[in-house]
Structures are given as structure tokens and as C-alpha cells.
Number of protein chains: 2
Amino acid sequence: MSMSLNGNRNLMEMEYAVRGPIPQKAAKLKEQGREIIFCNIGNPQSLGQLPMSFPRQVLSLIENPTFIRREKELARLSSVSPALPHLDLIESEVIEYAENIISKIGSGTGAYTESRGAKFIREAVAKFIDRRDGPGAPPSDPDSIFLTDGAGQGAQHIIQLLISSPDDAIMIPIPQYPLYSAAIKKFGGTQIGYYPDEENDWALSRTELESAWQNAGKNGKKIKALVVINPGNPTGAVLDEKSINEIIDFAMEKEIAVIADEVYQENIYDGAAPFISFAKALGNRELPLFSLHSVSKGFLGECGHRGAYLELRNPPSLADSSLSFMEVLTKMASVNLCSNTVGQILVYIMTTPPPSGTRTAEIHDSERKGILSDLSKKALMIRDTFTKMDNVKCFGRTGAMYLFPSLNKLPRGTNDFDYCMALLEETGLCTVNGGGFGQKEGTQHLRIAFLPPFEKLQEVLPKWVDFHKRYLGDRKPAS
Amino acid sequence: MSMSLNGNRNLMEMEYAVRGPIPQKAAKLKEQGREIIFCNIGNPQSLGQLPMSFPRQVLSLIENPTFIRREKELARLSSVSPALPHLDLIESEVIEYAENIISKIGSGTGAYTESRGAKFIREAVAKFIDRRDGPGAPPSDPDSIFLTDGAGQGAQHIIQLLISSPDDAIMIPIPQYPLYSAAIKKFGGTQIGYYPDEENDWALSRTELESAWQNAGKNGKKIKALVVINPGNPTGAVLDEKSINEIIDFAMEKEIAVIADEVYQENIYDGAAPFISFAKALGNRELPLFSLHSVSKGFLGECGHRGAYLELRNPPSLADSSLSFMEVLTKMASVNLCSNTVGQILVYIMTTPPPSGTRTAEIHDSERKGILSDLSKKALMIRDTFTKMDNVKCFGRTGAMYLFPSLNKLPRGTNDFDYCMALLEETGLCTVNGGGFGQKEGTQHLRIAFLPPFEKLQEVLPKWVDFHKRYLGDRKPAS
């Protein structure tokens, strides 16, 4: 018997370019022995960024608390015995930090936590948000925070709950991170694109938002929420206060929620505008706001551990339901039992730095600065390379982990997908074409994550310049 | 502005009793200072089961590889210096085991893996399945294995992909683990219950399966798959070969897939029939089979780490799609990027025991036996208590982590929900009523996880016997 059945059409049609055909081709080339530089995804530790010391020491002690006893014994021995000169002992503040987590998490990393995540970690997140945003915004509520397996899980929960019919629509920026288009498709809703102004450093205008709104209305679509990614993915653009308020005003007037993807909030470089959270800009205004943050980006770069949080402010009420928005979300979280405990602990570590004034804090801070400064230098290095390529332009201040240059005047009959495929085959550099994120019709782009080690960039960037010259010059139109 | 909107009706209606009203009430009582024994969920480490030593040592070394250098240095020092007599050194085979994982995972725990999970771990899973099932079944294929954040994620992916319209139905046993009813609801399909025969130790009959099938047909429903949980949750029943073949024959004749939840495959006690996997029983027959397993149960009990796998055999083809079933599943996995790496590594550890003949293997084995024998004794202790209660009967051989006794002749006007609520309030014992899992109309049950420490059971079981007597004797009919 070879069975055939009808599958869920939304899932079959859903696309996710970040792990689409170009990265799949790259994986095949790698299997064949080619050296590939994977710049298709913001996965810093796969490109040589070292894990930070403090978080890993803490995780290690929590997974195996017998090491704590051992560490204390070693400290005692080394104080009485000169036979142990070369042992790097774990600082006592790290041990205390780990012991504090162990005492609060109760049953260790091996037990399910509450569905929403361990309460002490949600409390730490709320404190972090309050510190970050200062006294302007109302305090963050630990009971409005959900810990999730990566920020994508929180985004998907919200989008699924908001979509109650195929005509329910979510506004997303174009270009966007394809998690959003995929989730809208997956849950059977409609995506409505709005277009930040590329040549104006991807700034937003009210006119543009209104035009997307009109467009939806004409097609009988009901917009439920607007997604904004700040700093931007794939553009790297950092929104200024004016753009943020434009979005808030628009959403309040139209009575729609805002989903603010703020996972790159620490990734702002070269003196670009400071990060302003949507929660802070919103202040006391009662707009439903869902904000996402994660341990995968920033300076931690702990992608594999899948730690993230979702914060709700002013959740809407649900028509015809005795349950609140929070209660339904909690039920959704409970079907998955809980997010993974190690990811949860990393969220705690991200939001609760080591005690200041200690040697650990000093090292942690210096590692943090080193990582962010490396990212900044690498971004500049790639941006600078673009100036050596004809018809390549890169707008926007530098944020997130990506550059999103436009590729103009590609040979007739080719597009950015062909370009990225050829770039991969000729140089080993794996990027994602602009089409994978959505782009204004008639434009061509690519997204590159600025994460590879300097020496790899030094090696590959000149090859890219050569490739580009050949691609623009030599290619004959395909038709 | 206080916004109100239409939410996704399926999510609002979805139920999940394992974290439903009774456990929520228990959490409130606990906050008020009451001692609560949480037997509502299979969460062994929250009830005092210690994590096994070997897996945690490995995780600890992988999270912080500087400990590996230190461990080697300590071993060297302790061989030359008598100053270090009391240090429990990590055995060299554990260090080698961890080093092997580090070398294979490449970028450590901090990087995203392939969407389906790291290949070397999927290979280890395939080898484990082949060892478990012996030469009867075709070999397991690492490319047909997906690593997931808990087994529930794999089950949800399959159910979502199988449901293409509200008339698409999935057969589930009644009683069932409410993940299945919740997932079917969540993705807008129809559940069709089939009823194992309680008084015949929950055995299955072809007649019963046929009657569920007829029932679906009459209502215009198209059955796509049948869920079976073996060992059973909530019943603890262990299926014999005859029942398994009955299901396979039925599914082949009807051309539907089988979803085999086998997460309790190590949890079989007191000489009950051996575990027979659906893959083994299936052999070379070409039935679509989806099998689930997890690190949360068995003897590891590592619930919080959310590690699990899904194995596909003979996946169906998808009508009107150029994509294979595997390709769509891979795309679904890719939207979540990957499951958490620590959970993945625990799947590796579960499927790759420490090298035999070593001291580590000896300790690991003795810990494993201790955990399983404790579980068995606790199950017997609770079963024995039921014999002291009037009108309580517990059928089925003892498997999984649960007992599911029937409560007969409850006072008129009360049901098992009332009983469990009262039991909680009077004794602090948190169970889940049979209605939360579904049960034959007119019957009443409860599910209890047999996980609390002996001394807690010794304390609470006599209280339960007293409570039961009062509940059956004293209560007046409510109406």
C-alpha cells in the first residue's frame, strides 16, 4: 500500500526562505567537501562567536550541582595547599548566583515548570524591562510574561490566537522576517504588507500604513494586528521615536494590536539612535502590545538553547468568551507543558547580570563589549565592500545582525535568487535573496548576516567583489 | 481604549485537564501554605526523583568545556599529589563521551542545529531503535527522525499536517492523554473515540475499532489516523501483541496512519508483557507509522529539558503537492529553527548508554534499576490501597506512571471532578478526574501519577482511605 492523502494546504504552501533552497543547496555543497560560510541565518556561535563565560559556568553548575561542592572543596584546598597553582577556580559570586537559581527553581532543570515559565524568572524579566525603560512606562507585570522556546513560539501563539477566520489579517513590514509570513499562512490568515521607505533609511510614514489599511479593507480583510521588527530583520534599520509613535498612533486609531519583535534590542552599532522599546514609547496608553525578546541574539548569541520571552500589555478581551486573552494563552502554553528549563535560565541570566563590582561582572562586561564591537566592525567591513560593487546600495543605520543591500541592474532574465545561488556556488558564501523576505516589486536584494570571523571575511569579500563584476558584466540575458 | 476582538474559537474551546481547574486550585492552595502532593502530572523530578548522574555530568561538561580541561588537570594532580584525596573525579569514560559529543555537534549547544536536529543524534536514535526492535523490522533511517521540544511537539506537527478540513478526523482511545484531543481541537479537526475494554484490562477489539469507524462515516467524517498510547496514559495498560496487530490490520485495511505514542516504553513493571514497538510489529508492511519517544519519562525523567523524537515509517504521499510528507514536516520544523540543543543531547544520551564494562555504566545501570523498582513499588502500594476502598477498581497491568481506578457508586449528584476536588482539599493530594481524559459515559475515574516519595505516600494514603469512606458514606445527594 502506498497511501496518499490530503494534507493541510496552508502548511504545504508556507515558505521559510531562511532555511529554503539556497541554504539547502549550501548544505549539499558542504557535504561534498566545499567550504561554506553560512551567512543565511543569525547563528553567531556556528560562525565562531564563543559562548560567554559567565552564563555557561552557571549552566554547568546548575546541571550538575556536585560541581558546586567540588568547587568549594577546591577553593579550600588551594588556600591551604600550594600544590594547586594552575586551577582556574570559579569565582564565588558565580557559585552564589547558581545556588540562588537552584534554590528558586526548586526541582532543578529536570522538572516541568509552570506552563508560563518559572515565576522567579518572569519576575527577573519584569525587573529587567523596568530598568531598561525607566520610570516613563507603567511597571511590567511578571504575570503578563510568558517564557517560550525561542521568540518564534511566542509570535506564533499570538498570531494563532488572533486569527479566527481566513479574512483576518496581520500587517507585516516588507521586507520582513519570514517567521511572520509563515505563521500567518500556517494559521490560515491573510498577510497585508506595508512598505518602509528604503531610500529614507527604511523610515515609516503614516501614508504608507494608511495605504496598506485601505488595501486590506478593499479586499474584505479585517486587520487584527501589526507586526514591527525593531531593530529590523532583514534590514538592520533602527526605528526612531517618530516612527515608533507613528505606528502606535495608527494602531490606536484603528484599534489593532502591535506585535513588537525586539529581539535585536542590544544589536545597535556605530552610534545609531538608541533603542526605544514600544512599551516605553507607549507609556500609559492602552494599546494591546505583544513584545518579544530572546537569548539567541544580542551579545549572548545562545540560539541553540531556545530561550525567549513574550510580554503582554493591555491584552484585548475576547468576544463571546468567558476566558481572558491571558487565560487562553496560558492554556496554549500548557499543552506544551512548559518551555525548556535551560532556555528559561538563560533568560534569567540575560535579564540578571552578575553582581556589579565583582571580577565576574568585569569579565562579563568586557566579553560583551568585545562581541558587540566585533559585530560592528564586521558590519562596517561588509558595508565598505558594497561601495566597491556597481549598483549595490545599502540603506539604514546598522542594527540587528544583517545588511540588506539592494542589487540593481542585474542582468536581464536573472533575479536576486539567481544571484545568491551563483554567489554561493562561486564563493561559498551563503546568503538569502530579498525575495525570501518580500520586497517592493521590481527591486532585488540579498540579506547577509555579518557574523563570520574576520579572516573569513577578508578572504571571501574580495572574491565577492570579483564575482559581482563578472555577474553584472558577463552574463547574457537568459531569454 | 479597551479593545475586544474575535479570537480563534478552537483555541478558546480547547481543554487540557492535566493543567486544568484541579491543578490550578492545588497551586492556589500551595500559595496559601498548604502542603500539596502533585500527582496530576508525570513530573518525577518535581516529586523528589533525583536526576541520574551520568547524563548530568555529560551536560555539565558540554555546557562549559573548560571543566574538561580542569578535570584532566585534577586527575593528573591527584595522581602525583596526595593533597587531593577527597575529590570525586569524573570518570575518564564520561569525559571521552562528552568530548565525542562536542566534536560531533561542532558549534556546541549555543548554535542552531539542522531543523530536524543534529544528524549524529538522529543516527544514534536510529541505532537505538534497531537495537530495541531486533532484526525483524526494516532498519530505522536517521533521515526519517525529527528531534523535537518534547513529544507533544511532534504529535502536534503530525496532527496539524493530517487535518485539511473540519471533517478530517483522528481516532483516539478513550480515555486518552488530553494532548491529543487538544491538538485535534487546536487544528480544527474532529476526534473520534474508540473504547478499549476496561474490565478486560483495557484490551482492544476489532469490533470496537469498527464501531468507531462506522460512527465517523455516518457523521460524514473522514478518518486520517488512529492514535494509540502504549503503555497507556492514563490507564497504564500495556498492549499485547494481539492488540497491536489488531490495530495494524485495521489501519491497513482502512488506509489510515497510526500515531504510536510510545513515551512510556521503559515504564513496564511487575512482569507485565514486554514492550513491543509498533515498528517491530509492523515489520515490512507499508503502513504509515509515526512513533514518539521522549527523555521526560522512562527512568531519566528529564521533563524540563524537553527532549524527544518522532520517527516516520512509510510516510504517505500528499495529494496535489509537489512536496513529500517529509519535506513539509521539515519546513514546519524549520520555522521553529530547531529544538533545544540540550534536549537533543539528552536524546543522544538516552539512546547511547555509557560504554559497557565501565564503572560509569555500572552506576548508571544501578541508578536505572533503582528508579524503576521504586516506581514499581509505589504503584503496588497505591493499588493495594484501592483494595481498602469500597467500589474502587483498578484494571490493567501496570505501565507508564499512572493508575486509573474507576470510582463506582459516587453519591448521587456528584461526579469524579467533585471527588478529586474534595480529595485535594481534604488531603492535599492533587489528581485529575477521569472526565479530563474522556471516559465511557456513566463511568467515573481518576488518574494518579505514582511518583511521590514513599514517606509521603505512607502519610497520605491512609488519609485517602478515610476520605473515601466519608465521601461515599456521608455525602447527601446534591439534588
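In this text the structure is predicted, and so the values were computed from the model without any measurement.

**Concerning the overall build of chain A**
Right, on to step 1. For chain A, the count of helices and strands is 16 helices and 16 strands.
Right, on to step 2. In terms of C-alpha radius of gyration, chain A reaches 24 Å, essentially the compact-globule figure of 23 Å for 479 residues.
Right, on to step 3. When the backbone C-alpha atoms are referred to their principal axes, chain A occupies close to 80 × 60 × 60 Å.
Right, on to step 4. Every one of the 479 residues in chain A was classed for burial, and the buried ones make up 63%.
Right, on to step 5. Within chain A, counting contacts between residues at least 6 apart in sequence, those at least 24 apart form 75% of the total.
Right, on to step 6. Total accessible area computed for chain A in this model is approximately 17600 Å², and 48% of it derives from carbon and sulfur atoms.
Right, on to step 7. For chain A, the separation between the mean place of its 52 positive charges and that of its 57 negative charges on side chains is 3 Å.

**Things to note about the sheet that holds strand 8 (residues 289-294) of chain A**
Sheet strands pair by backbone hydrogen bonding; their relative direction is either parallel or antiparallel.
All names here are of chain A.
Right, on to step 1. Here seven strands make up an open sheet; going across it, the order is 3-9-8-7-6-4-5 and the pairing mixed. The sheet terminates laterally at strand 3 (145-148) and strand 5 (190-194), the two strands that pair on one side only. If you compare each strand with its neighbour and ignore which way they point, the axes differ by 20° on average.
Right, on to step 2. Pairing analysis gives six bridges linking strand 8 to strand 9 (residues 308-313), with the strands arranged antiparallel. Paired with Leu289 across the strands is Arg313, a residue of strand 9.
Right, on to step 3. Packed on one face of the sheet, helix 8 (residues 178-186) meets strand 4 (168-173), strand 5, strand 6 (222-229), strand 7 (257-261) and strand 8 and runs near 170° to strand 4.

**Remarks on the nonpolar core**
Right, on to step 1. Counting residues in hydrophobic clusters, the biggest one holds 271 residues, and the most contacted among them are Tyr180(A), Trp464(A), Tyr180(B) and Trp464(B).
Right, on to step 2. Beyond its immediate sequence surroundings of up to four residues, Trp464(B) is in contact with Ile382(B), Phe386(B), Met389(B), Tyr419(B), Leu423(B), Thr427(B), Leu429(B), Leu446(B) and Ile448(B).

**So, the interface of chain B and chain A**
Right, on to step 1. At the junction of the two partners, chain B supplies 96 residues and chain A supplies 96 residues.
Right, on to step 2. For the chain B and chain A pair, buried surface summed over both sides reaches about 8200 Å², with 56% attributable to carbon and sulfur atoms.
Right, on to step 3. Scanning the region where chain B abuts chain A turns up four salt bridges.
Right, on to step 4. Residues Arg70(B) and Glu71(A) are paired through a salt bridge, measuring 2.7 Å at the closest nitrogen-oxygen approach.
Right, on to step 5. Between chain B and chain A we count 48 residue pairs in polar contact (both at pLDDT 80 or more) in total.
Right, on to step 6. A per-element tally of the side of chain B that touches chain A places helix 3 (residues 53-63) of chain B first, with seven residues.
Right, on to step 7. The class makeup of the residues in the side of chain B that touches chain A is 44 nonpolar, 32 polar and 20 charged.
Right, on to step 8. Summarising the sheet, strand 10 (residues 317-318) of chain A and strand 1 (residues 4-5) of chain B pair through two bridges and their orientation is parallel.

**Quick look at the pattern of salt bridges**
Residues and elements named next belong to chain A.
Right, on to step 1. One pass over the full model with this rule turns up 55 salt bridges over all chains.
Right, on to step 2. Among the ionic pairs, Glu99 bridges to Lys72, the shortest N-O distance being 2.6 Å. Residue Glu99 is located in helix 5 (residues 92-105), and its partner Lys72 is located in helix 4 (residues 66-80); the two are separated by 27 residues in the primary sequence.
Right, on to step 3. The class of Glu99 is partly exposed, set by a relative accessible area of 30%.
Right, on to step 4. Salt-bridge contacts for Arg76 lead to Glu73; the nearest nitrogen and oxygen are separated by 3.1 Å. Of this pair, Arg76 and Glu73 both sit in helix 4, three residues apart, roughly one helical turn.
Right, on to step 5. The class for Arg76 is partly exposed, based on a relative accessible area of 43%.
Right, on to step 6. Through salt bridges that share partners, Glu114, Arg116, Arg122 and Asp143 make up one connected network.

**Observations concerning the sheet that holds strand 8 (residues 289-294) of chain B**
Residue and element names in this part refer to chain B.
Right, on to step 1. One open sheet holds the seven strands; their spatial order is 3-9-8-7-6-4-5, and the pairing between them is mixed. Both edges of this open sheet fall to strand 3 (145-148) and strand 5 (190-194), since each of them pairs with a single strand only. Looking at each pair of strands side by side, their axes are set apart by 20° on average, direction ignored.
Right, on to step 2. Here helix 10 (residues 241-254) sits on the sheet and contacts strand 4 (168-173), strand 6 (222-229) and strand 7 (257-261); the angle it forms with strand 6, its principal contact strand, is near 165°.
Right, on to step 3. Where helix 13 (residues 341-351) meets the sheet, it contacts strand 3, strand 8 and strand 9 (308-313), and its direction lies at approximately 70° from that of strand 9.

**Section: the side chain of Thr190(A)**
Residues and elements named next belong to chain A.
Right, on to step 1. Structurally, the position occupied by Thr190 is in strand 5.
Right, on to step 2. Of the residues examined, Thr190 reaches a relative accessible area of 16% and is grouped as buried.
Right, on to step 3. Among residues more than four places away in sequence, those in contact with Thr190 are Pro166, Asp167, Asp168, Ala169, Ile170, Ile184 and Lys221.

**Here's the deal with the confidence of the model for chain A**
Right, on to step 1. When pLDDT is averaged across chain A, the result is 92; 97% of the residues are at 70 or more.
Right, on to step 2. With pTM at 0.94, the complex prediction returns an ipTM value of 0.93.

**Considerations on the packing of aromatic side chains**
Right, on to step 1. Evaluated as defined, the whole model comprises 29 aromatic pairs over all chains.
Right, on to step 2. Taking the centre distance of 6.5 Å and the plane angle of 75° together, the rings of Tyr177(B) and Tyr180(B) count as edge-to-face.
Right, on to step 3. Aromatic ring contacts, followed pair by pair, group Phe54(A), Tyr97(A), Phe120(A) and Tyr348(A) into a single cluster.
Right, on to step 4. Across the ring face of Phe454(B), the terminal group of Lys378(B) is positioned such that the distance to the ring centre comes to 5.6 Å.

**Quick word on the environment of Tyr264(B)**
All names here are of chain B.
Right, on to step 1. With respect to the helices, strands and loops of the structure, Tyr264 is situated in the loop between strand 7 and helix 11 (278-282).
Right, on to step 2. Under the relative-accessibility criterion, Tyr264 is labelled buried at 3%.
Right, on to step 3. A sequence separation of 34 residues divides Tyr264 from Gly298, and the C-alpha atoms of the two residues are 5.8 Å apart.
Right, on to step 4. The contact partners of Tyr264, leaving out residues within four places of it in the chain, are Pro231, Asn233, Lys297, Ala400, Met401 and Tyr402.

**Some details on helix 7 (residues 151-162) of chain B**
Counting along an α-helix, one turn takes 3.6 residues, and residues three or four places apart therefore face a common direction.
Residues and elements named next belong to chain B.
Right, on to step 1. A rise of 1.5 Å per residue sets the reference length of helix 7, with its 12 residues, at 16 Å; its end C-alpha atoms lie 17 Å apart and thus fit the reference within 8%.
Right, on to step 2. Judged by how many residues are buried, helix 7 sits mostly within the fold: 12 of 12 residues are covered.
Right, on to step 3. Buried within helix 7 are the following residues: Ala151, Gly152, Gln153, Gly154, Ala155, Gln156, His157, Ile158, Ile159, Gln160, Leu161 and Leu162.

**Looking at the environment of Asp167(A)**
All names here are of chain A.
Right, on to step 1. Relative to the helices and strands, Asp167 is located in the loop between helix 7 (151-162) and strand 4.
Right, on to step 2. What makes Asp167 partly exposed here is its relative accessible area of 36%.
Right, on to step 3. Taking the C-alpha atoms as reference points, Asp167 and Lys25, 142 residues apart in sequence, are found 36 Å from one another.
Right, on to step 4. Look past the residues within four positions of Asp167 in its chain and what remains in contact with it is Thr190, Gly220, Lys221 and Lys222.

**Regarding the relation of the copies chain B and chain A**
Right, on to step 1. With an axial shift of 0.0 Å and an RMSD of 0.0 Å, the rotation relating chain B to chain A amounts to 180°. Such a turn and shift between the copies fits a two-fold axis. No C-alpha of chain B lies nearer the rotation axis than that of Ser60(B), which sits 2.1 Å from it.
Right, on to step 2. Same-surface contact between copies: 100% of interface residues of chain B are shared with the interface of chain A.

**A closer look at the packing of helix 7 of chain B against helix 12 (residues 325-335) of chain B**
Residues and elements named next belong to chain B.
Right, on to step 1. Following both chains from N to C, one finds helix 7 and helix 12 inclined at 125°, their axes separated by 11 Å at the closest point. Classified by the angle their axes make, helix 7 and helix 12 are oblique. Note on packing geometry: the crossing formed by helix 7 with helix 12 is right-handed. Every residue of helix 12 that contacts helix 7 at His157, Ile158, Gln160, Leu161 and Leu162 is listed here: Phe325, Val328, Leu329, Met332 and Ala333.
Right, on to step 2. Class assignment for the residues of the contact of helix 7 with helix 12 results in eight nonpolar, two polar and no charged.

**Here's the deal with the pairing of strand 8 of chain B**
All names here are of chain B.
Right, on to step 1. Counting buried positions over the six residues of strand 8 gives six, a clear majority of the element.
Right, on to step 2. Burial along strand 8 is two-sided: Leu289, Ser291 and His293 facing one way and Phe290, Leu292 and Ser294 facing the other are all buried.
Right, on to step 3. Here strand 7 runs beside strand 8; their pairing, made up of four bridges, is parallel. Across the sheet, the residue bridging to Asp261 is Leu292, located in strand 8.

Cut-offs applied
Residues numbered from 1 in each chain as written. Chains lettered and ligands numbered in written order. Predicted model: local features only at pLDDT ≥ 70, side-chain atom pairs only at ≥ 80, totals over all residues. Heavy atoms only, no water. Helix = DSSP H or I, 4+ residues; strand = E, 2+ residues; numbered from the N terminus. Rg over C-alpha atoms; globule rule 2.2 N^0.38 Å. Buried < 20%, exposed > 50% of the residue type's maximum accessible area, 1.4 Å probe, protein only. Contact = heavy atoms within 4.5 Å. Areas by Shrake-Rupley, 256 points an atom, 1.4 Å probe, with all protein chains shown as cover. Lys, Arg positive; Asp, Glu negative; His and termini not counted. Charge placed at Lys NZ, Arg CZ, Asp CG, Glu CD. Pairing = 2+ DSSP bridges. Axes fitted to C-alpha atoms, helices over the stretch in contact; angles between N-to-C directions. Core = buried A, V, L, I, M, F, W, Y, C linked by side-chain atoms within 4.5 Å. Buried area = accessible area lost by both parts, 1.4 Å probe. Salt bridge = Lys/Arg side-chain N within 4 Å of Asp/Glu carboxyl O. Polar contact = N/O pair within 3.5 Å; in protein donor to acceptor, adjacent residues only side chain to side chain. Nonpolar A, V, L, I, M, F, W, Y, C, P; charged D, E, K, R; others polar. pLDDT = per-residue confidence, 0-100. Phe/Tyr/Trp six-rings, centres within 6.5 Å; stacked < 30°, edge-to-face > 60°. Lys NZ or Arg CZ within 6 Å of the ring centre and 35° of its normal. Expected span 1.5 Å × (residues − 1). Least-squares fit on C-alpha atoms with pLDDT ≥ 70 in both. Parallel < 35°, antiparallel > 145°, perpendicular 65-115°, else oblique. Left-handed = near helix turned anticlockwise from the far one by under 90°.

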